[in-house]
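One letter stands for each residue in the lines below.
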Amino acid sequence: MLYFSELDIQQLNHLYKINLINSCSGYKSANLIGSISQDGKENVAVFSSVTHIGSSPAMLGFFLRPTTVIRNTYENLKETGFYTINHVHKNIILDAHHTSAKYDSAISEFDVTNLEPEYKPEFSAPFVKNAPIQLAMQFVEEYDIKANKTILVIGKVVGLYVNDYLIEKDGFINLSKAEVAAINGLDGYAIPEQRIRYGYQRPKELIK
């Protein structure tokens, strides 16, 4: 087994280090975040940092890299207060990944990929058409991570759209049926297959 000390990691080639550290945490969710500026310019970008914050109220968070360069998603959601989270599925992986390219804010990623915007009644931000799970989000708050100047953005789920065949009787969303993608590192994509559910676990009785 290879061992990397903290000093080893610091001295690695830049690209090698980015790939190593981004993949060591394991598989991450693959989501497209849709937003729109106040002057109507649409934006969609792939994120692998969306995470569950709480269920009551329903909240999700995601991390943004330092805003030392233009971050269109961040600027749009701060301007309008709204954005969408859309699951990446097998058929759109290549287009979803291309949204990580750094386009000027005047260019919408919807215009340079086959991804299509979709609008729902009474919600201003664009969803990604045909995404099997779509979430309407409202910005709540943000936290500056001082250690590396990233930002944790927290939003409230104000609407949830799920293809009905994915929801099991207990409310569980079966992502395998939708062929939803996961990300390994920065650019490795996989389609996980659900094997089994073990259910809610309780402590075993002590053996006397």
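Just so you know, these numbers come straight off a predicted model, no measurement behind them.

1. Describing the pattern of salt bridges
A full pass over the atoms with the stated rule returns seven salt bridges. Note that E142 and K78 form a salt bridge whose closest N and O atoms lie 2.9 Å from each other. Residue E142 is found in strand β9 (residues 133–145), and its partner K78 is found in helix α3 (residues 72–80); the two are separated by 64 residues along the sequence. The class of E142 is partly exposed, set by a relative accessible area of 24%.

2. Observations concerning the side chain of H89
Tracing the backbone shows H89 in the loop between β6 (82–87) and α4 (93–98). Beyond its immediate stretch of four places on either side in the chain, H89 contacts N130, A131, P132, A178, E179, V180 and A181.

3. Looking at the nonpolar core
F62, L64, Y83, I85 and V153 are the most contacted members of the largest nonpolar core, which has 19 residues in total. Broken down by secondary-structure element, the contributors of at least two residues to this core are β3 (42–47), β5 (58–64), α3, β6, β9 and β10 (150–162). Setting aside residues no more than four positions away along its own chain, V153 makes contact with L60, G61, F62, L64, Y74, L77, Y83, F139 and E141. The next biggest cluster of nonpolar side chains, apart from the first, holds 14 residues, and it includes L32, I92, F110 and L115.

4. Regarding the layout of surface pockets
Roughly 1300 Å³ of volume is contained in the largest pocket. Lining the largest pocket are 37 residues; nearest its centre among them are V46, F47, R65, R71 and L186. Contributing elements (two or more residues each) for the lining of the largest pocket: α2 (14–23), β3, β5 and α3. Among the residues making up the lining of the largest pocket, the classes are represented as 15 nonpolar, 15 polar and seven charged. Lining the second largest pocket are 24 residues, with L60, H87, L135, I173 and L175 sitting closest to its centre. Sorting the residues of the lining of the second largest pocket by element identifies β1 (28–29), β4 (51–55), β5, β6, β9 and β10 as the ones contributing at least two each.

5. Remarks on α3
If you check which residues of α3 are buried, you get N72, T73, Y74, N76 and L77. Tucked inside the fold, the buried residues of α3 contact β2 (31–36), β3, β5, β6, β9 and β10. In the segment just after α3, G81 is the residue with positive phi, at about 85°.

6. As for the pairing of β4
As defined by bridge partners, β4 adjoins β5 across four bridges and the pair is classed as antiparallel. By the bridge assignment for β5, H52 is matched with L60. Taken together, β4 and the strand that follows it, β5, pair antiparallel across an intervening segment of two residues.

7. Some thoughts on unusual backbone geometry
With an omega of 5°, the peptide bond between S56 and P57 qualifies as cis. With respect to the element layout, P57 can be found in the loop between β4 and β5. Residue N130 is not a glycine yet carries a positive backbone phi of 75°. Summarising the element assignment, N130 is placed in the loop between β8 (127–128) and β9. Residue classification places N130 among the exposed positions, given a relative accessible area of 57%.

8. Overview of the sheet that holds strand β12 (residues 188–190)
Pairing in this open sheet of three strands is antiparallel, and the strands run β1-β11-β12 from one edge to the other. Two strands bound the open sheet, and with one partner strand each, they are β1 and β12.

9. Digging into the packing of aromatic side chains
By the definition in use, this model includes five aromatic pairs. Between F47 and F62 the ring centres are 5.1 Å apart and the planes differ by 70°, which places this aromatic pair in the edge-to-face class. A residue pair is termed long-range when its members are at least 10 positions apart, and F47 in strand β3 and F62 in strand β5 qualify at 15 residues. Side by side, F47 and F62 carry an identical accessibility label, which is buried. On the basis of an interplanar angle of 80° and a centroid distance of 5.5 Å, the ring pair of F127 and Y161 is categorised as edge-to-face. Here F127, found in strand β8, pairs with Y161, found in strand β10; they are 34 residues apart in sequence, far enough to count as distant. Given the relative accessible area of 33%, Y161 is considered partly exposed. Linked through ring pairs, F82, F123, F127 and Y161 together constitute an aromatic cluster. Over the aromatic face of F127 sits the side chain of K120, whose NZ or CZ is 5.5 Å from the ring centroid.

Rules used throughout
- For every chain, the first residue of the written sequence is number 1, and numbering continues from 1 along that sequence.
- Selection of residues for local features in this predicted model requires a pLDDT of at least 70, selection of side-chain atom pairs for listing and counting requires 80 or more, and totals for whole chains, interfaces and linings are taken over all residues.
- Hydrogens and water are ignored here; the side-chain numbers use all heavy atoms of the structure.
- A pair is scored as a salt bridge if a Lys or Arg side-chain nitrogen falls within 4 Å of a carboxyl oxygen belonging to Asp or Glu.
- Segments assigned H or I by DSSP are reported as helices when at least four residues long, segments assigned E as strands when at least two residues long, and all are numbered from the N terminus.
- Residue exposure (1.4 Å probe, protein chains only): buried if accessible area is under 20% of the type maximum, exposed if over 50%, otherwise partly exposed.
- By definition, residues are in contact when any of their heavy atoms lie within 4.5 Å.
- We define a nonpolar core as any set of buried Ala, Val, Leu, Ile, Met, Phe, Trp, Tyr and Cys residues linked to one another through side-chain atoms lying within 4.5 Å.
- A cavity here means a set of 1 Å grid points, computed over protein atoms only, where a 1.4 Å probe fits but cannot escape. A pocket is an open set with protein on both sides within 12 Å along at least 5 of 7 lines, and lining residues have an atom within 4 Å of a point.
- Grid points are joined across faces, edges and corners, and a volume is the space filled by probe spheres set on the points.
- When residue character is reported, Ala, Val, Leu, Ile, Met, Phe, Trp, Tyr, Cys and Pro are called nonpolar, Asp, Glu, Lys and Arg charged, and the others, Gly included, polar.
- Strands were regarded as paired on the criterion that DSSP finds at least two bridges between them.
- Aromatic pairs are defined between Phe, Tyr and Trp rings, using the six-membered ring for Trp, whenever the two ring centres lie within 6.5 Å; interplanar angles under 30 degrees are classed as stacked, those over 60 as edge-to-face, and all others as tilted.
- In this analysis the charged atom, NZ for Lys or CZ for Arg, is taken to sit over a ring once it is within 6 Å of the ring centre and within 35 degrees of the ring normal.

The quantities given are spatial measurements derived from coordinates; they are silent on function.
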